[in-house]
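So you can see what is in the structure, the chains are spelled out below.
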Amino acid sequence: MGMTFHFPLFIIFLPMLASVVMPLLRNSNIARQITIWVQVVMIGLSLGLTASLWNAPVPYFTYLMGYFPSPFGNEIRAGMLEALLAVTFSTVLLFSVLGTGYDTNKDIIPGKRPLFYCMINLLNTSLMSLVFTNDIFTAYVFIEVNTLAACAIVATKENKDTLKATLKYLLLSVMGSGLFLLSTAFLYAITGHLLMEPAREVISYLVQDGHYHFPLTMTMLLFIVSMAVKSALFPFHTWLPDAHGSATTAASALLSGLVLKGYIVMLMKMLYRVYGLETVAALGVFHVLFFFGITGMIAGSVMACFQTKLKRLIAYSSVAQIGYIFVGMGLDTQGGFTAASYHIIAHAFTKSMLFIAAGALIAASGSYNIADMTGAARKNKMAGIAFTAGALSMVGIPLFAGFVSKFYLAGAAVQGQTSIWITMPVLAVSTFLNGLYYFPVLIRIYSKGDGASASVAPACKPAPSFSANFTLVCLMAANIALGIFFTPLLSALEKGFVWLG
Amino acid sequence: MGLITNFYEATAMILFGIGFVTLLLQKNLIKKIIGLNIMDSAIFLYLATTGYITGRGAPIIIDGIVYQDAYVNPLPSALVMTGIVVAVSITAFALALSLKLYEHYGTLDMDKIALMSRGGDV
């Protein structure tokens, strides 16, 4: 182990340090460079952590902050799952910053840009803390940090729509955090612990004895509702299209690709490490997750079909994809959780690519409306190719990342006996709907159009920068790699879940 | 019986309900933010009650450590402290945002804001 033992700590504190430095800088270019290089270091650290855990006999360790023992201290836990998520999150964050320089400069006034990068670094810290923490109250604090940073990066592109979207997002998120704090208080009152492992010992003891069934169920439902509000599960999704659709491109890519996932990872840890799967199944909570996931899969796609603006269409597609992840969790099998976590990774890479490509297409056509985008992919070829790849991956075409997660979701549904008759038809319908709203956009952006619309092409067409093209190529490569070489990753995730319990 | 012995907890839950409903149903932004603060305070009251044990003192060492039974549980108070810091920063951010919204829309009524922004382009 050696050096890598301390890596989770560095992974959390490095972006925090960077975010403290950002407001002191005047030059937004330096802030951007620092953010990018911090990300590169973070990828290195998380890859090192993954490599050290890959062949370890016990693929996880607990790190005591300040070496204070368990009841007093704060703990970090790093395992296979956490390490892989850290790799994914830092990579996607790097590319979201790298590929959107044009839009960031266009949307945010120069004086505010260092603060924008400050918020991105804070977002990074809080995501990494949510992934690694072993303490429920620490999780609460970083959930709030995450909420504030996410709202702030939506609001930095200051206009009527983003301000309204931010406020809607903030109010609903704050409601979710209130419920999370309440359930944390209940859990502390019932168990007397805030660390996950001691809390689970008490809970399993209580469940065996038959005490506190009702309060425990209520607490768990409060946790699920609070995380569902923040990760935009279907009936609580109303803030998402506004916030993701109106924010600047970097913010949209980050919010859709990562921020939603941070909360889902937290929920997975709550189910696995605080309650334990047997308890969750005994209290019947998996059916709730499954039901809302299934509804979200269909409803998100149906609403996406009616969108006329490109970014809002992609945002509604996120609602549907969050449904997939919750269905995977609700299947109540190890395979379901593995498929859900694979979909977290696949969706993070795909959705950030879609948003970055959409930003470039919007810049090339000069309009947010899909109807005005005729031939946009011919003006910016790389963005067109990346958007196509992302759409194919979301629909679930083989050789792309989205196919693997859908395939394994279906496989996990076969293992659970009752859910198969619901999951299979819904997967089929949802795939069909995905095609229904992505393919018209593809046809639109590649069609030549009539001469009239070509002549009024906007004069301010920017040449796509090298870093934007490089980002899209890297994300496409990652997508295809995830779609072809998925076996080792899936087995590593599976190992992560086995040791998580 | 349960309500009378646990009246702090009962009060906290009633306050939480009031705050939650205010946050969700009020149209005025300032009232929403007040509701948020009532909701958070209710949770802090609940947490503080969990740690308090009747007849014991604050865990501050004056004449050396007495014995464990003399003190209340200090952890929930620490949680309340952290929670207050978080609540203050969220309130500050929400108020700053309301100010900006008022500059752009000229109203603090969420319904009117929603109506006005529907026509605008992104």
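Predicted model, so just to flag it, every value in this text is computed and none were measured.

**Re the overall build of chain B**
Counting its secondary structure elements, chain B contains five helices and zero strands. The helix and strand sequence of chain B, counted from the amino end, reads α-α-α-α-α. For chain B, the C-alpha radius of gyration of 20 Å lies well beyond 14 Å, the compact-globule estimate for 122 residues. In terms of overall dimensions, chain B has a C-alpha envelope of 70 × 35 × 20 Å along the principal axes. A separation threshold of at least 6 residues defines the contact pool for chain B, and within that pool the share at least 24 residues apart is 52%.

**Focus: the overall build of chain A**
Regarding its fold elements, chain A presents 22 helices and two strands. Taking 501 residues into account, the globule formula puts the C-alpha radius of gyration at 23 Å, and chain A, at 22 Å, falls close to it. Expressed as a percentage of its 501 residues, the buried residues of chain A come to 61%.

**Some words on the packing of helix α15 (residues 334-365) of chain A against helix α21 (residues 466-484) of chain A**
All names here are of chain A. At a minimum axis distance of 10 Å, the contact between α15 and α21 shows a crossing angle of 150°. The orientation of α15 with respect to α21, classified from their angle, is roughly antiparallel. The crossing of α15 and α21 is left-handed. Contact residues: I345, A346, F349, T350, S352, M353, I356, A357 and A360 in α15; A468, T471, L472, L475, M476, A478, N479 and L482 in α21. By residue class, the composition of the contact of α15 with α21 is 13 nonpolar, four polar and no charged.

**Thoughts on the confidence of the model for chain B**
Per-residue pLDDT for chain B averages 85, and the proportion of residues at 70 or more is 93%. Our summary of model confidence lists the complex with pTM equal to 0.91 and ipTM equal to 0.91.

**As for the domain arrangement of chain A**
All names here are of chain A. Domain boundaries assigned for chain A yield domain 1 (1-276) and domain 2 (284-501). Here domain 1 and domain 2 have C-alpha centroids that lie 22 Å from each other. Domain 1 puts 42 residues into the contact, and the matching count from domain 2 is 48 residues. Of all the elements in the fold, those that place two or more residues in the side of domain 1 that touches domain 2 are α3 (80-98), α4 (101-107), α9 (213-230), α10 (239-246) and α11 (249-275). Here the element with the most residues in the side of domain 1 that touches domain 2 is α11; it accounts for twelve residues. Taken together, the residues of the side of domain 1 that touches domain 2 break down into 24 nonpolar, 15 polar and three charged.

**Section: the interface of chain A and chain B**
Each partner contributes to the interface: chain A provides 26 residues, whereas chain B provides 29 residues. Looking at the side of chain A that touches chain B, the elements with two or more residues in it are α6 (136-155), α7 (160-191) and α10 of chain A. Ranked by the residues each element gives to the side of chain A that touches chain B, the list is headed by α7 of chain A, at 16 residues. In terms of residue class, the side of chain A that touches chain B is made up of 17 nonpolar, four polar and five charged.

The rules we used
- Residues numbered from 1 in each chain as written.
- Chains lettered and ligands numbered in written order.
- Predicted model: local features only at pLDDT ≥ 70, side-chain atom pairs only at ≥ 80, totals over all residues.
- Helix = DSSP H or I, 4+ residues; strand = E, 2+ residues; numbered from the N terminus.
- Rg over C-alpha atoms; globule rule 2.2 N^0.38 Å.
- Contact = placed C-beta atoms within 7 Å.
- Buried ≥ 20, exposed ≤ 12 C-beta atoms within 10 Å, placed from the backbone.
- Axes fitted to C-alpha atoms, helices over the stretch in contact; angles between N-to-C directions.
- Parallel < 35°, antiparallel > 145°, perpendicular 65-115°, else oblique.
- Left-handed = near helix turned anticlockwise from the far one by under 90°.
- Nonpolar A, V, L, I, M, F, W, Y, C, P; charged D, E, K, R; others polar.
- pLDDT = per-residue confidence, 0-100.
- Domains from an automatic or database assignment.

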